[in-house]
Amino acid sequence: MEEIREDNNKKINRKNSRLSIWLPVIIAVSISAGIWIGNHYKTFGTGRGKLSYGENKINAVLDNINRKYVDTVDMQKLIEGTIPKIFSELDPHSVYIPAEEALAVNEELEGSFSGIGVSFNMQTDTILVISVVPGGPSEKAGIMAFDRIITINDSVFAGKEIKDREVMKVLRGAKNSTVKLGVKRGNNPELIYFDVTRGDVPVNSVDAFYQVTPGIGYIKISKFGRNTYREFLMAIATLKSQGDEALIIDLRGNTGGYMDAAIYMVNEFLPKDRLILYTEGKAFPREDAYSNGTGTCQQTPLIVLTDESSASASEIFAGAIQDNDRGTIIGRRTFGKGLVQSPIILSDGSQIRLTVARYYVPSGRSIQKEYILGNNEEYEMDIYNRYMHGDFFSEDSIKLDDLPVFHTSIGRTVYSGGGIMPDIFIPRDTVGYSSYFANVINSGVLYRYAVEYSDHNYAKLSSFASADELYDYLKKQNTLNDFTNFAAQHGIKKRMSLIEISGSLIERQIHSHIVRNIFDENGFYKVFQETDPVILKGVEIIKEGKSFPTLNNE
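Definitions and limits used
- Residues numbered from 1 in each chain as written.
- Predicted model: local features only at pLDDT ≥ 70, side-chain atom pairs only at ≥ 80, totals over all residues.
- Heavy atoms only, no water.
- Helix = DSSP H or I, 4+ residues; strand = E, 2+ residues; numbered from the N terminus.
- Buried < 20%, exposed > 50% of the residue type's maximum accessible area, 1.4 Å probe, protein only.
- Contact = heavy atoms within 4.5 Å.
- Arc of directions from axis to C-beta.
- Polar contact = N/O pair within 3.5 Å; in protein donor to acceptor, adjacent residues only side chain to side chain.
- Pairing = 2+ DSSP bridges.
- Axes fitted to C-alpha atoms, helices over the stretch in contact; angles between N-to-C directions.
- Core = buried A, V, L, I, M, F, W, Y, C linked by side-chain atoms within 4.5 Å.
- Phe/Tyr/Trp six-rings, centres within 6.5 Å; stacked < 30°, edge-to-face > 60°.
- Lys NZ or Arg CZ within 6 Å of the ring centre and 35° of its normal.
- Salt bridge = Lys/Arg side-chain N within 4 Å of Asp/Glu carboxyl O.
- Parallel < 35°, antiparallel > 145°, perpendicular 65-115°, else oblique.
- Left-handed = near helix turned anticlockwise from the far one by under 90°.

**Side note on the overall build of the protein**
Point 1. A tally of regular secondary structure across the protein gives 20 helices and 21 strands.
Point 2. Taken across its 554 residues, the protein has 53% of its residues classed as buried.
Point 3. Look at the contacts in the protein between residues 6 or more apart in sequence, and 73% of them connect residues 24 or more apart.

**Considering helix α20 (residues 533-543)**
Point 1. When α20 is considered as a whole, its buried residues turn out to be V534, I535, G538, V539, I541 and I542. Axial view of α20: buried residues confined to an arc of 165°, hence all on one face.
Point 2. Buried residues along α20 sit in contact with β10 (206-213), β11 (216-221), β12 (246-250), β15 (302-306), β16 (328-331) and β21 (424-425).
Point 3. Where α20 begins, the capping side chain belongs to D532, and its oxygen is found 2.9 Å from the backbone nitrogen of V534.
Point 4. Positioned one or two residues after α20, G545 has a phi angle of 75°, which is positive.

**Observations concerning the sheet that holds β12**
Point 1. The six strands lie next to each other as β10-β11-β12-β15-β16-β21, forming an open sheet whose pairing is mixed. The two strands at the open ends of the sheet, each matched to only one other strand, are β10 and β21.
Point 2. Two strands pair when backbone bridges link them, and β10 and β11 are joined in this way by six bridges, in the antiparallel orientation. Counterpart to V206 in the pairing with β11 is I221.
Point 3. Helix-sheet contacts for helix α8 (residues 228-241) involve β10, β11 and β12, and the interaxial angle to β10 is about 20°.

**Observations regarding the nonpolar core**
Point 1. The biggest cluster of nonpolar side chains holds 41 residues, and the ones touching the most others in it are I219, F269 and F317.
Point 2. Those elements that place two or more of their residues in this core are β11, α8, β12, α9 (259-267), β13 (275-281), β15, α10 (313-323) and β18 (351-360).
Point 3. If near-sequence neighbours (up to four positions away) are discounted, I219 is found in contact with V206, A208, F209, F232, A235, I236, L239, L247, I248, I249 and D250.
Point 4. Counting residues in each nonpolar core, the second largest holds 35 residues, with Y449, L461, L498 and V515 among its members.

**Focus on the pairing of β18**
Point 1. Across the ten residues of β18, seven count as buried, placing the element largely inside the fold.
Point 2. Taken together, the three bridges between strand β1 (residues 95-97) and β18 define a ladder with antiparallel strand orientation. Paired with Y96 across the strands is I352, a residue of β18.
Point 3. Bridge analysis of β13 against β18 gives three bridges, and the strand direction is antiparallel.

**Some points on the packing of aromatic side chains**
Each aromatic ring pair is specified by the distance between its two centres and by the angle formed by the two planes.
Point 1. Evaluation of the coordinates by the stated rule reveals 18 aromatic pairs.
Point 2. Pairing F392 with F393 gives two aromatic rings, centres 6.4 Å apart and planes at 50°, and the pair type is tilted.
Point 3. Here the basic side chain of R286 rests over the ring of Y278, its NZ or CZ set 3.5 Å away from the ring centre.
Point 4. Its end group placed over the ring of F335, K369 keeps NZ or CZ at 3.6 Å from the ring centre.

**Brief notes about the pattern of salt bridges**
Point 1. Under the counting rule described, the total for this entry stands at 22 salt bridges.
Point 2. Its salt-bridge partner being R386, residue D382 comes within 3.6 Å of it at the nearest N-O pair. Here the residue D382 and the residue R386 both occupy positions in helix α12 (residues 382-389), the gap between them amounting to four residues, near one helical turn.
Point 3. By relative accessible area, R386 is classed as buried at 5%.
Point 4. Salt bridges here are not isolated pairs; linked through shared partners, they connect K220, D250, R252 and D532.

**Details of the environment of E380**
Point 1. Turning to its location among the elements, E380 is positioned in helix α11 (residues 376-380).
Point 2. When its relative accessible area of 39% is taken as the criterion, E380 is described as partly exposed.
Point 3. Between the C-alpha atoms of E380 and P92, which are 288 residues apart in sequence, the distance is 8.4 Å.

**Some words on the packing of helix α14 (residues 445-456) against helix α18 (residues 496-518)**
Point 1. At a minimum axis separation of 9 Å, α14 and α18 run at an interaxial angle of 50°. Taken together, the axis directions place α14 and α18 in an arrangement best described as oblique. In this structure, the crossing between α14 and α18 has a hand that is right-handed. Residues L446, Y449, A450, V451, Y453 and S454 of α14 touch α18, and the partners they reach there are I506, Q509, I510, H513, I514, N517 and I518.

As structure tokens, this is what we get:
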């Protein structure tokens, strides 16, 4: 994955959201952006034909401007600026995607792109390879982790200011095309040259899966893409082979994606003929989705983790599990998006994703929170308002009195119109928070330190056989003191009283990033979430035999 530093940092920031002290307004904006990229949709009918317009007022206005306006007008630019304004008068999730952005937007969900298959970071004006996709083009050519790419197609890409996106643009390209890389490896003064043939590079949506404790497997899903269901089945098979008989599925921070992927995943847990959801709209008659009884996990104890960033297809999954009383939902109230978008491709490659229906989970409730046509700004501020109201920290702050009441299959009370309320509320974790912690996270200096530490100590760190062995080693090193000195050199003053408060949290984050650099996402999450109270609660519920809800547990 040619994951540029900007993309990598966004990904890291999402993973750190539980622990960092971001301003709530940034949370609201990021969720809206994530949903804009990952809006789940189900194609009704063909839905992909070119649009054709008859004579109408808009065409007449544009035609008059083009023919009669006093100055020459760039009509294409005018049209591109007008269409988003039209969509801004609709619901918050109907969007227009310009042609030049459509490919990048779709890659997030389609599951692959054509490139060389590396993750990199711009380290002191040099492209530093952090990891190489197993079996990908770069690994086949001989590129290794912590190689430095100095030249690309005989052009120097080191020692000067180069934007990350420029590097990504050069490394990506048409499938089966070739890019020549000049690489500096270790202390070798001579460049090594590789011809890398670009190929399909996977974009994974199952970020990690591992055994959180004997008998209990954990699966982290970041979005619902084209390959999510296949990745999910592979994760389940691996965990079962390790003896895991219960599952924790983590949908925190998952802003959605394809509706069908969520339906297929729910089907794995339900007996035959259980309603998963239905969709209905003005021009689209009701469509029901039922389980077919072929699921491989129908008796598997199940916990689903959610938070305020869980949206769209995430809410389909959580809502179907909750309404069928199939598992326990733990965490915080979800985002509240229950609108279905249909993709329509225009003749120039641009797209519109038009809201055509609402979806309803089995009890009949809609998850969609209230919105006013054309007032997207207020809608986007909802997460900020929920934060300010205390919804992230106290279950009592969430007002349910005015929401319509529905009931699950066994009669438990659930609510409509504002996301999925968890069965067990866990407040946002603030243990170890301080202003010093906020500075080192938001400045990116912690991530930079982890990269440099991994680079300088790669020979030693890569000698360990497993992520667990590496983590045991790191815990014996004085990385906290080393880091605080590093941070001070980069403008973040040492504040010993605050470091004492946040030390364990900072050190665990450092260790998790180093483990990821040397091993993989599974190692990262296992370390990063070692003391995660939401996961620990899930483990507790499973061990107590309470993952299947009952009326007595309500």
